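What follows is the residue order along each chain.
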Amino acid sequence: MSTAMIFVGLILSTILATASNSWLLAWLCLELNTLSILPFISKTKHPRAIEAATKYFLTQATASCLLLLAGTSNAWLTGTWDMTQMSNKLTSTTMLIALTMKMGTVPTHFWLPEVLQGSTLLTALLISTWQKIAPMSLLFIMSNNIQPTFTLTLGLLSTAFGGWGGMNQTQLRKMMAYSSIANMGWTVITLTHEPKASMINIFTYITLTTPTFLLMALTSTKTLQNMTTMWSTSPLATTTMALLLLSTAGLPPLTGFLPKLIIMNELVTQNLTPLATMTMMTSLLSLSFYLRTTYLTTLLNPPSSATSATKWRQKMTKNKTMILLPTATASTFMMPALIP
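Residues numbered from 1 in each chain as written. Predicted model: local features only at pLDDT ≥ 70, side-chain atom pairs only at ≥ 80, totals over all residues. Heavy atoms only, no water.

As annotated in an unreviewed UniProt entry, the protein carries the name NADH-ubiquinone oxidoreductase chain 2 and comes from Calotes versicolor. In UniProt, the protein has this text filed under Sequence similarities (unreviewed entry): "Belongs to the complex I subunit 2 family." Recorded in UniProt for the protein, the comment headed Subcellular location (unreviewed entry) runs: "Mitochondrion inner membrane". (UniProt positions renumbered as here; feature names shortened; annotations may be inferred.)

Laid out in structure tokens, this is it:
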């Protein structure tokens, strides 16, 4: 009963934050949102989980302080808490830093890999997807008042650091955290020029990440070594996982290629071709660890030596597989339907 109430509070706080028009109400809802997710992070009663909850709380509290400072300063300068009245450059930049800290972009991204590694797979799914909706909605509302140079710099650095950090990871939750950082870079980089493209990117990322984490949870897969024996649980799950990873990497004609194509087109339209080229080059870093994981999942021979051990997993029933079918299909074959 208590878990259900906390989960309802998590959903309602996000909905109210996205629907609010006042910075004070948005700050209050984001605080409720932070307090609602903490019990899920620390539920396992493990020292690593407690450490992750502490890091998450401190980071979100710092971001909330910056948000309240920016909102109060803007209200003092303009006489209103309205989100659309962010004409001052200092307050809008401070608000951008606060919201990007909540989302996990460079340079305030260091908390995300550690928090995901200390959480369960389903909690990591919530942090990577649902917890980004409210800050992204607030950024969308104030996108007209954000400095373009600042968002372009944050976006390029996030794509570079996200790809570079994920290359050396063997833990899948940390790898997905750096993947999240890189995707947030793609989202932020075009926020001031074409906010709708940013929203398409973030919701496509959520559509891709949800079945990926659910497949990891159903197959008890947490490391790259576990990926090599995922075939023993379900060949269908293995194939679906490979397609999801390639789609997240942005390979055509899969769904993940669509938002990157839109963002690249917008950057070139704005005469930012050098920046678009650098962003595409940094995406190759992310592509490298996605391809490595896909190779380990589908192209390795089954372990046959006496020293190889297959991870014990629960049996994958047909009902569990059918639950993932709609989201996995949308994540891999939705691109032709979305191209105008």
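If you add up the space inside the largest pocket, you get close to 370 Å³. Along the walls of the largest pocket sit 19 residues, with Thr-44, Ser-119, Thr-120, Leu-121 and Thr-123 positioned nearest its centre. Elements with a contribution of two residues or more to the lining of the largest pocket: helix H1 (2–19), helix H3 (47–78) and helix H6 (121–128). Across the lining of the largest pocket, the residue classes tally to seven nonpolar, eight polar and four charged. (1 Å grid on protein atoms, 1.4 Å probe; cavity = no way out; pocket = protein on both sides within 12 Å on 5 of 7 lines; lining within 4 Å. Points joined across faces, edges and corners; volume = space filled by probe spheres on them. Helix = DSSP H or I, 4+ residues; strand = E, 2+ residues; numbered from the N terminus. Nonpolar A, V, L, I, M, F, W, Y, C, P; charged D, E, K, R; others polar.)

When pLDDT drops low, the exact placement of atoms in the prediction is not to be read closely. On average, the protein scores 86 in pLDDT, and the residues at 70 or more come to 88%. In this model, residues 336–340 is a region of pLDDT below 50 whose contacts with residues beyond four sequence positions or in other chains number three contacts. (pLDDT = per-residue confidence, 0-100. Contact = heavy atoms within 4.5 Å.)

As for its position among the elements, Glu-194 is in the loop between helix H9 (172–189) and helix H10 (195–218). Classification of Glu-194 by relative accessible area gives partly exposed; the value is 26%. Separated by 72 residues in sequence, Glu-194 and Glu-266 have C-alpha atoms that sit 7.2 Å apart. (Buried < 20%, exposed > 50% of the residue type's maximum accessible area, 1.4 Å probe, protein only.)

For the rest of this paragraph, the subject is empty space enclosed by the protein. Within this structure, the stated rule accounts for three cavities of 30 Å³ or more. Volume-wise, the largest cavity comes out at about 90 Å³. Taken together, 13 residues line the largest cavity, and the ones lying closest to its centre are Ala-182, Trp-186, Lys-260, Ser-286 and Tyr-290. The set of elements that each furnish at least two residues to the lining of the largest cavity consists of H9, helix H12 (235–249) and helix H14 (273–298). Residues belonging to the lining of the largest cavity are distributed by class as follows: five nonpolar, seven polar and one charged. Contributing elements (two or more residues each) for the lining of the second largest cavity: helix H2 (23–41) and H3.

Moving on, we get to the UniProt feature "transmembrane region" (unreviewed entry) in the protein. Here, the residues flagged by UniProt with the feature "transmembrane region" (unreviewed entry) are residues 57–78, 90–112, 146–164, 199–218, 230–252 and 321–339. The span residues 57–78 carries 100% helix and 0% strand; its end-to-end C-alpha distance comes to 31 Å. Helix makes up 100% of residues 199–218 and strand 0%, and the two end C-alpha atoms of the span are 29 Å apart.

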